[in-house]
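Observations on chain architecture
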Amino acid sequence: MKDMTESYVTEDGRTIGDVMLDLRNITLRFGGVEAIKDISFDIREGEIRAIIGPNGAGKSSMLNVISGFYIPQEGEVWFHGRKRPQMKPYQVARQGIARTFQNIALFEGMTVLDNIMTGRLNYTKSGMLAQAIWKGKAEREETENREKVERVIDFLEIQAIRKTPVGRLPYGLKKRVELARALAADPKLLLLDEPMAGMNVEEKEDMSRFILDVNDEFGTTIALIEHDMGVVMDLSDRVVVMDYGKKIGDGTPDDVRNNQAVIDAYLGVAHDD
Amino acid sequence: MSADFLYGIEVVINGLMAGVMYALVALGFVLIFKASGIFNFAQGVMALFAALTLVGIMEGQIPFAHLINATFGTEIHHFGWHVPALLAIAMTVGVMVLFAWAVQRFLFRHLVGQEPIILFMATIGLAYFLEGVGDLMWGSDIKTLALGLPQGGARWIEDATAGLGGDDFYGFFIDKLDIVATGVAIVLVTGLILFSQYTKHGRAMRAVADDHQAALSVGISLNFIWILVWSLAGFVALVAGIMWGAKSGVQFSLSLIALKALPVLMLGGFTSIPGAIVGGLIIGVGEKLFEYLIGPMVGGATENWFAYVLALLFLVFRPQGLFGEKIIERV
Ligand SMILES: Nc1ncnc2c1ncn2[C@@H]1O[C@H](COP(=O)(O)OP(=O)(O)O)[C@@H](O)[C@H]1O
Ligand SMILES: [Mg+2]
């Protein structure tokens, strides 16, 4: 086990550190359905970890367990070397774990800017009303939040739609705004549930670039679910493969590509896609 | 100008003032409905309960005195002190916050994810429960709310406007209490809007109103926000209770003003704060003007039903309310 906790430098020069999140023997049931069956794996600091598998394999459920939306019947979640007590989603978010959703969850009635600003709520103590009264500290806080949000907006190249109500945006841009909101929270761990689903080739390339840049420039650890094998192979340092709630593979993209169980699972569903 | 026309204007002004009250109650509904999708049938009873609590605290009444006396054979009723109005109001706000917390902790926390109709039924239960608690705590007799608010016709307005019409016109008669109520309502609404736009918790409140999942993912506690909106609704109920109570005494009928809020909501839409205000004013003016113009022809008492008929017309021709977006059925 010792070698697993030692940091190393990747081919492209990024440093992968200790285990950040450790999932131990997670089992999740919905009534009679076992969505996750006794799965263990870890996510290390600085890495891009992909979770792949056919539809219904339990990938989204896994992200939901990590982010506190689902409570597993069995198993433990360890974060930064400590066993995590049962937590509500908002408590998980406050620990520095941000996420996006497979079916996009944005504030449809707000502008792009306001949506992204909500990512800063946990860094806000006073708000602008206090600012009007006390100036000073509250003002500095608001300025900091705005600067951070503007940086994220520049980074994801969405300046042009800052003031657009989110409800009016096309699907691809909504996905990007959702990522922006998650990034605004300065997360330690970023969970992305199918960030490229339903996108065209060009949009996918943009999104891949953003994900790589986030990881590289901010050092953000990322766990993502993705169907496009090409994308997964390009992006990720390590891959977990799930099928029918079970883990059937875990390792580098090359390991996983040559794993017979994985090949079978994928050939079995290849015609569904 | 003819006296009839001027009296018509007076009716409109008084209608606006009555409308402010409807708007206040409707506002309480909108706050809770927006944030949680719960149609809170108990909003009117909350106004009654808040007003009862305020009077009880001011007069130094011992809560649950009847119950205590019946159980222990004692004869206690009062602490023997009077609490100044402002302090009593602050304490009542405290009680309403406690109530908000209890409602969340003991009722809605156990009903998360239930159908809207179940939540609605729960608030009906809550309304009767709260009414009972109010009775038990403070007794069921009619109480007067002596806050020292100005009352009666504003003489200066009468004097200043008397010259507008001929000999038949004696100036506008406007109740001073209504003027105060309007001022308070304006301050309250402005405060609420500032709060929701410019404070951390206000922004979180709007986020929760928009999307629960998304709100959770940015670290907002739904539970906290729900306690917050119920507290705000409790505060709005207290203000409505004070105004109404000062006018007609604190008694059970106060909880019935909630029924007038229903047509207001149908006009204004269930999720729009401006809608609640404009809807309240339209109903207020509409029913007063209708009574003034048409009432005499149909034997009067039109104020009992006018608001509901107007709301029905709206339901038929503009079901989304004044400010709601057009409802397009997806098939
Ligand atoms: N909230 C839920 N209630 C009931 N069943 C669920 C729920 N979420 C997921 N499931 C079930 O769990 C299994 C895994 O689903 P999911 O995690 O969404 O798979 P994936 O993301 O890999 O496509 C499916 O059988 C799905 O029906
Ligand atoms: Mg999924």
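Residues numbered from 1 in each chain as written. Chains lettered and ligands numbered in written order. Predicted model: local features only at pLDDT ≥ 70, side-chain atom pairs only at ≥ 80, totals over all residues. Heavy atoms only, no water.

Here the focus is the overall build of chain B. When its secondary structure is counted, chain B shows 14 helices and zero strands. In terms of C-alpha radius of gyration, chain B reaches 21 Å, essentially the compact-globule figure of 20 Å for 331 residues. Projected onto its principal axes, the C-alpha coordinates of chain B cover approximately 65 × 65 × 40 Å. Residue burial in chain B is summarised as follows: out of 331 residues, 49% are buried. When contacts within chain B are restricted to residue pairs at least 6 apart in sequence, those whose partners lie at least 24 apart make up 71%. (Helix = DSSP H or I, 4+ residues; strand = E, 2+ residues; numbered from the N terminus. Rg over C-alpha atoms; globule rule 2.2 N^0.38 Å. Buried < 20%, exposed > 50% of the residue type's maximum accessible area, 1.4 Å probe, protein only. Contact = heavy atoms within 4.5 Å.)

This brings us to the overall build of chain A. When helices and strands are tallied, chain A shows eleven helices and twelve strands. The globule rule puts the C-alpha radius of gyration for 273 residues at 19 Å, and the 19 Å found for chain A is close to it. With the C-alpha coordinates of chain A rotated into their principal frame, the extents come out at 65 × 45 × 40 Å. Taken across its 273 residues, chain A has 52% of its residues classed as buried. Long-range contacts, defined here as pairs at least 24 residues apart, represent 67% of the contacts in chain A between residues at least 6 apart.

Now for the coordination of the magnesium ion (ligand 2). Residue and element names in this part refer to chain A. Only Ser-60 (OG) and Gln-102 (OE1) from the protein reach the magnesium ion (ligand 2) as donors, at distances of 2.0 to 2.1 Å. Residue Ser-60 is located in helix α2 (residues 59-66), and its partner Gln-102 is located in the loop between β8 (97-99) and α4 (112-118); the two are separated by 42 residues in the primary sequence. The exposure class assigned to Gln-102 is partly exposed, which follows from its relative accessible area of 29%. (Donors = N, O, S within 2.8 Å, 3.2 Å for Na, K, Ca; no water.)

The next subject is the sheet that holds strand β10 (residues 221-225) of chain A. Residue and element names in this part refer to chain A. Read from one edge to the other, the open sheet built from six strands follows the order β8-β9-β10-β5-β11-β12, with strand pairing classed as mixed. A strand with exactly one partner marks an edge of an open sheet, and here the two such strands are β8 and β12 (246-251). If you compare each strand with its neighbour and ignore which way they point, the axes differ by 15° on average. One ladder, built from four bridges, connects strand β5 (residues 48-52) with β10; its direction is parallel. When the sheet's bridge partners are listed, Ile-51 is paired in β10 with Ile-225. Where helix α7 (residues 171-184) meets the sheet, it contacts β8 and β9 (189-193), and its direction lies at approximately 160° from that of β9. Helix-sheet contacts for helix α8 (residues 201-218) involve β5, β9 and β10, and the interaxial angle to β10 is about 155°. (Pairing = 2+ DSSP bridges. Axes fitted to C-alpha atoms, helices over the stretch in contact; angles between N-to-C directions.)

Residue and element names in this part refer to chain A. Per the counting criterion, the structure on display carries 16 aromatic pairs over all chains. A centroid spacing of 5.1 Å and a plane angle of 80° characterise the contact between Phe-30 and Tyr-70, whose relative ring orientation is edge-to-face. Residue Phe-30 is located in strand β3 (residues 19-30), and its partner Tyr-70 is located in the loop between α2 and β6 (74-79); the two are separated by 40 residues in the primary sequence. Judged by relative accessible area, Tyr-70 falls into the partly exposed class, the value being 30%. Judged by centre distance (5.1 Å) and plane angle (45°), the ring pair of Phe-155 and Phe-218 falls under tilted. (Phe/Tyr/Trp six-rings, centres within 6.5 Å; stacked < 30°, edge-to-face > 60°.)

What follows is about the interface of chain B and chain A. On the chain A side, the residues contacting the 19 residues of chain B number 26 residues. Both faces combined, the contact of chain B with chain A buries some 2,000 Å², and carbon together with sulfur accounts for 64% of it. Looking only at chain B, the three residues that lose the most surface to chain A are Lys-200, Arg-203 and Val-218 of chain B, adding up to 30% of its buried area. Applying the counting criterion to the chain B and chain A interface returns one salt bridge. Across the salt bridge formed by Arg-203 of chain B and Glu-142 of chain A, the nearest N and O atoms sit 3.3 Å from each other. Where chain B meets chain A, there are five residue pairs in polar contact (both at pLDDT 80 or more). Of all the elements in the fold, those that place two or more residues in the side of chain B that touches chain A are α7 (176-198), α8 (200-210) and α9 (212-217) of chain B. When residues in the side of chain B that touches chain A are grouped by element, the largest group, six residues, is from α8 of chain B. For the side of chain B that touches chain A, the residue count by class is nine nonpolar, five polar and five charged. (Buried area = accessible area lost by both parts, 1.4 Å probe. Salt bridge = Lys/Arg side-chain N within 4 Å of Asp/Glu carboxyl O. Polar contact = N/O pair within 3.5 Å; in protein donor to acceptor, adjacent residues only side chain to side chain. Nonpolar A, V, L, I, M, F, W, Y, C, P; charged D, E, K, R; others polar.)

A separate point is the pairing of β12 of chain A. All names here are of chain A. Bridge count between strand β11 (residues 238-243) and β12: five bridges; the pairing is antiparallel. Counted as the bridge partner of Asp-243 is Lys-246 from β12. The loop that links β11 with its antiparallel partner β12 comprises two residues; one of these, Tyr-244, has a positive phi angle of about 45°.

What follows covers the pairing of β11 of chain A. Both faces of the sheet carry side chains from a regular strand, because those side chains alternate between them. Of all six residues that make up β11 of chain A, six are buried, and the element is covered over most of its length. Across the two faces of β11 of chain A the burial is the same, with Arg-238, Val-240 and Met-242 of chain A and Val-239, Val-241 and Asp-243 of chain A all buried.

All names here are of chain A. One open sheet accounts for four strands, arranged β4-β3-β6-β7; its pairing is antiparallel. Edge positions in the sheet fall to β4 (33-44) and β7 (82-83), since each has one partner strand and no second. Along the sheet, α2 makes contact with β3, β4 and β6, crossing β3 at roughly 120°.

Let us now look at the pattern of salt bridges. All names here are of chain A. All chains considered together, the criterion is met by 28 salt bridges over all chains. When the shortest N-O distance is used, the salt bridge between Glu-76 and Lys-83 registers 3.5 Å. If you follow the salt bridges from partner to partner, you end up with Asp-42, Glu-47, Arg-49, Arg-238, Lys-247 and Asp-250 in one network.

Residues and elements named next belong to chain B. With 93 residues, the main nonpolar core has Met-46, Phe-99, Phe-108, Met-205, Ile-220 and Trp-230 as its most contacted residues. Top contributing element to this core by residue count: helix α10 (residues 222-248), with 15 residues. Beyond its immediate sequence surroundings of up to four residues, Phe-108 is in contact with Ile-38, Val-103, Leu-119, Ala-122, Thr-123 and Trp-230. (Core = buried A, V, L, I, M, F, W, Y, C linked by side-chain atoms within 4.5 Å.)

A word on the domain arrangement of chain A. How big an interface is tends to be expressed through the accessible area that disappears when the partners come together. Residue and element names in this part refer to chain A. According to the domain assignment, chain A contains domain 1 (1-96 + 188-273) and domain 2 (105-186). The centre of domain 1, based on its C-alpha atoms, is set 27 Å off from the matching centre of domain 2. Contacts between the two partners involve 19 residues from domain 1, matched on the other side by twelve residues from domain 2. Of the roughly 1,200 Å² buried between domain 1 and domain 2 on both sides combined, carbon and sulfur atoms contribute 67%. Linking domain 1 with domain 2 are two salt bridges, by the criterion used here. Where domain 1 meets domain 2, there are three residue pairs in polar contact (both at pLDDT 80 or more). Elements supplying a minimum of two residues to the side of domain 1 that touches domain 2: β9 and α8. Considering every element that reaches the side of domain 1 that touches domain 2, the biggest residue donor is α8, with nine residues. When grouped by side-chain class, the residues that make up the side of domain 1 that touches domain 2 number nine nonpolar, one polar and nine charged. (Domains from an automatic or database assignment.)

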